[in-house]
Structures are given as C-alpha cells and as structure tokens.
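Chain by chain, the residues:
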Amino acid sequence: MQIDINKISNSRIAEVDFNQLGFGKVFADHMLVAEYADGKWQKATIQPYGPLSFQPAMMSLHYGQAIFEGMKAYRSDAGDILVFRPEENWKRFNKSAARMCMPEVPEDIFLGGLKELLKLDKNWVPSQDGCSLYIRPFMFATDEYVGVTPSSTYKFIIFNCPVGSYYAKPLRVKIETEYIRAAKGGVGFAKNAGNYGGSLFPTQLANKEGYDQIIWTDAATHTYVEEAGTMNLMFIIDGALVTAPTGDTILDGVTRKSVLQVAKDWGMDVQERLLSVEELVKGIESGKVQEAFGAGTAAVIAPIQTIGYNGKDYDLPERKPDGFSAKVYQEINDIRLGKKTDTRNWIWKA
Ligand code: COI
C-alpha cells in the first residue's frame, strides 16, 4: 500500500533528555495511521504524533475491541537501526485480531509502515546503555454505534517511544490466588487491552502489600503458575529452564520463545510444563529453584528477588553474573545491538 507522508515541521527531539528516559512517557515525532473501512484497508499516512478526534460512541471505548503489540528497535555501533523479531509480533498481532473479530493488518502496512516510520524517526532510537525505541502498534474499533457487534471500521496506529528500563530493580512478586487473569476459552493469549485493564485492581492490592507485580495462577484451581501479565515467567530448577506452556491463558511471548531457543542451543534442559505453586515455594526453600525471572519485550529479562505466597515471602538466591538469566540477557542484548552474529535470523534492519 502507498504510504502518504506528512512530516513534522519542527522536531521535539532537542527537548528530550535521553539520559532520563524512564518508560513510555516520551513520544517520537511521527506516527503511522491506517484506516480500515468497507472490508479493506483504505489508506495509510505517516503524520506528526498528536491527538486524534473520535465520537463518544466509538465502539472500542465501550466493548474493548482494542489490541496492541510491543517491539523494540536498537542502534548498533555502526549506526544501523535494528528491530528484534518484528515478524513475530506481526503474526501475533493478527492472531489477536482474529480472536477479537478485527481485520488482519497486512505486512506492507505493519512492517512496511514501520520501516518508513523508522526512517523518519531514526534519530529517536537511543544509543544509551540499556535504552531502546519501544514500538507500539495497536488497532481499535472506530464505528459510532452502541450495539454489541464487531465494528466495521478500524484504525491501526504505530507510535514510538525512546525508553529506558521498565523495571529498575529486581522484583518482589506475589502469587495471586483470588483474582484471575485468563481462563480456558478466554482471551489470555491475545494482546487485547482488557487483559491489562483487568489486572490493575489486583496489582494495586499487591502493590499496597509491597509487591511490584503479580504471578497469575490458573483460573480454575489456582494451583499452577502462569504469567505475570507484563511478562512471561521462567525458573531455573535443578539446572533446567522451566516455564508454563503457552495456550489459551498465556501470551506467546517473543522474548519467551527467544530465551527458550537460546537455552536449547546451549544444550540446556528446557521444560515447558505445568509448575505448581507448591513445587515452586518448596523448591525455593530447599534450594532447588536457583533463579526466577520475567521475560518480555518491555521487561526484557527481569530478575525476581522475592515471591510472596499466603502471607510468607520466599527469597531467591542472589543473582550471579554467570547465572542463566544474566547470561541469556547478555546474549539477547548482544544480538539486538548487532554485537554478535545473528545466526538465528532475528534481526530486521530498518
Ligand atoms: C511488552 O512487553 O511489550 C508489553 O506489551 C507489556 C506491557 C505491559 C508494556
């Protein structure tokens, strides 16, 4: 599809302190906006990042037909802009779209549009240590209608944020046994807005108890560990890498699958299996659980320091520089920055 370009006249980049980025509050100059109507994508435009107007009856605001993705771009030492596995995000986006009765976004809009956008906003890709350009594609229903039915019109947008770390320190997480994130047959595998909205209240309660995040457990019995909502969860148990299998209730994370691939390539025992809360907490007490960490695009590899369960805190051993999570972080980071040969074909040069 032809992408029309309407450039900004003055960049805001000089106002930004790239040494104090935080996460998600600074926005690059441009955004891509594509519109769907009459059964097809009609047009795509790159325009200045800024407000959109909509009607109060816009359907996505009422019934939650809204999905998104998260990807990251890095600046290599040679000055190239490298995006980590964006085809995977594109495929997952379209799986979320199908589940939410939304149209697929074709490659020339999702990836082609991103390429054009990154050409214009390449100066916004940070080079500071631990920083990247977080790319946020999303789509929402735009019909002005109050009946509960799939919309016939949609907007697909990509905007970009230069970011630092999502989590600044090792995490204290609480095993949730009252509220649930996702149930079999539901939308837990999709990256739809409602999954995140539903997590806010229980997370706020956990925050009040001094935890940073929640570990969700299976909705039916609260027996098994699932994911953290902002990231997949991984454990090193007796030297093996253990993570919950993907399915209806777990997001098929791109960082998750990359970590599993690296571990397999390193000859590790990789177990995608159910892990009960009991096995986890007993394993921490007995020293069998050597590491716990989250894996996600925003979170990258987020070490877990403490797991709270039933009013008791279980502390993980101190993170070792030669432990798996530190080594896999280094490996993936080196690939993303173009410092290591990309033997797995994960890097997409913008
Ligand atoms: C991501 O990792 O890209 C996500 O979408 C998680 C979100 C909580 C920032």
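Model, not experiment: these values are computed from the prediction.

1. Overview of the UniProt feature "modified residue: N6-(pyridoxal phosphate)lysine" (unreviewed entry) in the protein
Point 1. Taken from the UniProt record, the annotation "modified residue: N6-(pyridoxal phosphate)lysine" (unreviewed entry) applies to Lys 191.
Point 2. Within the element layout of this structure, Lys 191 appears in the loop between strand 9 (171-175) and helix 4 (193-197).
Point 3. Residue class for Lys 191 comes out buried when judged on the 25 C-beta atoms lying within 10 Å of it.

2. Looking at the environment of Leu 21
Point 1. Note that Leu 21 resides in the loop between strand 1 (3-5) and strand 2 (30-37).
Point 2. Sequence separation between Leu 21 and Pro 162 is 141 residues; the distance between their C-alpha atoms is 6.9 Å.
Point 3. For Leu 21, the contacting residues outside a window of four places in its chain are Val 26, Pro 126, Cys 131, Pro 162, Val 163 and Gly 164.

3. Concerning the site of the ligand
Point 1. In the vicinity of the ligand, the residues found are Gly 70, Thr 230, Gly 296, Thr 297, Ala 298 and Ala 299.
Point 2. In terms of residue class, the shell around the ligand is made up of two nonpolar, four polar and no charged.

4. Description of helix 8 (residues 324-336)
Point 1. The terminal C-alpha atoms of helix 8 lie 18 Å apart, and with 13 residues this matches the ideal 18 Å at 1.5 Å per residue to within 8%.
Point 2. Turning to helix 8, its buried residues are Phe 324, Ser 325, Val 328, Ile 332, Ile 335 and Arg 336. Taken down its axis, helix 8 places every buried residue within 100° of arc, on the same side.
Point 3. Downstream of helix 8 by a residue or two, Gly 338 has a phi angle that is positive, lying close to 75°.

5. Some words on the pairing of strand 8 (residues 154-163)
Point 1. Of all 10 residues in strand 8, seven are buried, a share of seventy percent or more.
Point 2. Pairing between strand 2 and strand 8: six bridges, direction antiparallel. Residue pairing across strands places Ala 34 opposite Phe 156, the latter belonging to strand 8.
Point 3. Here strand 7 (residues 132-141) runs beside strand 8; their pairing, made up of 10 bridges, is antiparallel. Of the residues in strand 8, the one forming a bridge with Phe 138 is Ile 157.

6. Observations regarding unusual backbone geometry
Point 1. The phi torsion at Arg 85 lies on the positive side, around 50°, for a residue other than glycine.
Point 2. By secondary structure assignment, the location of Arg 85 is in the loop between strand 6 (81-84) and helix 2 (86-99).
Point 3. Using a count of 22 C-beta atoms within 10 Å as the deciding quantity, one classes Arg 85 as buried.
Point 4. Phi is positive for Asp 238, which is not a glycine, with a value near 50°.
Point 5. Mapped onto the secondary structure, Asp 238 falls in the loop between strand 11 (232-237) and strand 12 (240-243).
Point 6. Note on Asp 238: 11 C-beta atoms within 10 Å, which makes it exposed.

7. Overview of the packing of helix 2 against helix 3 (residues 107-120)
Point 1. Contact geometry for helix 2 and helix 3: axes closest at 11 Å, N-to-C directions at 145°. Taken as a pair, helix 2 and helix 3 cross one another with a handedness that is right-handed. Touching Pro 86, Glu 87, Trp 90 and Phe 93 of helix 2 are Glu 107, Phe 110, Leu 111 and Leu 114, all from helix 3.
Point 2. Of the residues belonging to the contact of helix 2 with helix 3, the class tally is six nonpolar, no polar and two charged.

8. Focus: the domain arrangement of the protein
Point 1. With domains assigned, the protein is organised as domain 1 (3-163) and domain 2 (171-336).
Point 2. Contacts between domain 1 and domain 2 engage 21 residues on the former and 12 residues on the latter.
Point 3. Every element with two or more residues in the side of domain 1 that touches domain 2 is listed here: strand 4 (66-68), strand 5 (71-75), strand 6 and helix 2.
Point 4. Examining the composition of the side of domain 1 that touches domain 2, we find that six residues originate from one element, helix 2, more than from any other.
Point 5. In the side of domain 1 that touches domain 2, the residues fall into 10 nonpolar, four polar and seven charged.

9. Here's the deal with the packing of helix 6 (residues 254-265) against helix 8
Point 1. The interhelical angle for the contact between helix 6 and helix 8, taken along N-to-C directions, is 105°, at an axis separation of 10 Å. One element, helix 6, and the other, helix 8, form an angle in the roughly perpendicular class. Of the residues in helix 8, those in contact with Ser 258, Val 259, Val 262 and Ala 263 of helix 6 are Val 328, Glu 331 and Ile 332.
Point 2. When grouped by side-chain class, the residues that make up the contact of helix 6 with helix 8 number five nonpolar, one polar and one charged.

10. Quick notes on the environment of Gly 311
Point 1. Mapped onto the elements of the fold, Gly 311 is located in the loop between strand 15 (300-309) and strand 16 (312-315).
Point 2. With 6 C-beta atoms packed within 10 Å, Gly 311 lands in the exposed category.
Point 3. Taking C-alpha positions, Gly 311 is 51 Å from Leu 120, a pair spaced 191 residues apart along the chain.

11. What about the environment of Gln 305?
Point 1. Relative to the helices and strands, Gln 305 resides in strand 15.
Point 2. C-alpha of Gln 305 to C-alpha of Leu 316: the two residues are 11 residues apart in sequence and 5.3 Å apart in space.
Point 3. Every residue in contact with Gln 305, bar those within four places of it in the chain, is listed here: Pro 170, Leu 171, Arg 172, Asp 315 and Leu 316.

Here is what the cut-offs are and how they apply
What you see as residue numbers is a count from 1 along each chain, following the sequence as written. Restriction of local features to residues with pLDDT of at least 70 applies here, the model being predicted, together with a cutoff of 80 or more for giving and counting side-chain atom pairs; totals for whole chains, interfaces and linings are based on all residues. UniProt positions are given in the numbering used here, feature names are shortened, and annotations may be inferred rather than shown by experiment. Under the scheme used here, helices are H or I runs from DSSP no shorter than 4 residues and strands are E runs no shorter than 2 residues, and both carry numbers assigned from the N terminus. We call a residue exposed when 12 or fewer other C-beta atoms sit within 10 Å of its C-beta, buried when the count reaches 20 or more, and partly exposed for counts in between; the C-beta positions come from the backbone. Residue pairs are scored as contacts if the distance between their C-beta atoms, which are placed from the backbone, is within 7 Å. Each residue receives a C-beta atom built from its backbone; the residue is near a molecule or strand if that atom lies within 6 Å of it. Lys, Arg, Asp and Glu make up the charged group, whereas Ala, Val, Leu, Ile, Met, Phe, Trp, Tyr, Cys and Pro make up the nonpolar group; the residues left over, Gly among them, are polar. Expected helix span is given by 1.5 Å per residue-to-residue step, counting one fewer step than there are residues. Read the arc as the range of directions from the helix axis to the C-beta atoms. In this scheme, strands are said to pair when DSSP sees at least two bridges between them. To obtain an axis, a line is fitted to C-alpha atoms, over the contacting stretch when the element is a helix, and the angle between two such axes runs from 0 to 180 degrees between their N-to-C directions. Note on convention: the crossing is left-handed when the near helix lies turned anticlockwise from the far helix by less than a right angle, right-handed when the turn is clockwise. Throughout, the edges of the domains are those of an automatic or database domain assignment. Every angle not falling under 35 degrees, over 145, or within 65 to 115 is termed oblique; those three ranges are roughly parallel, roughly antiparallel and roughly perpendicular.

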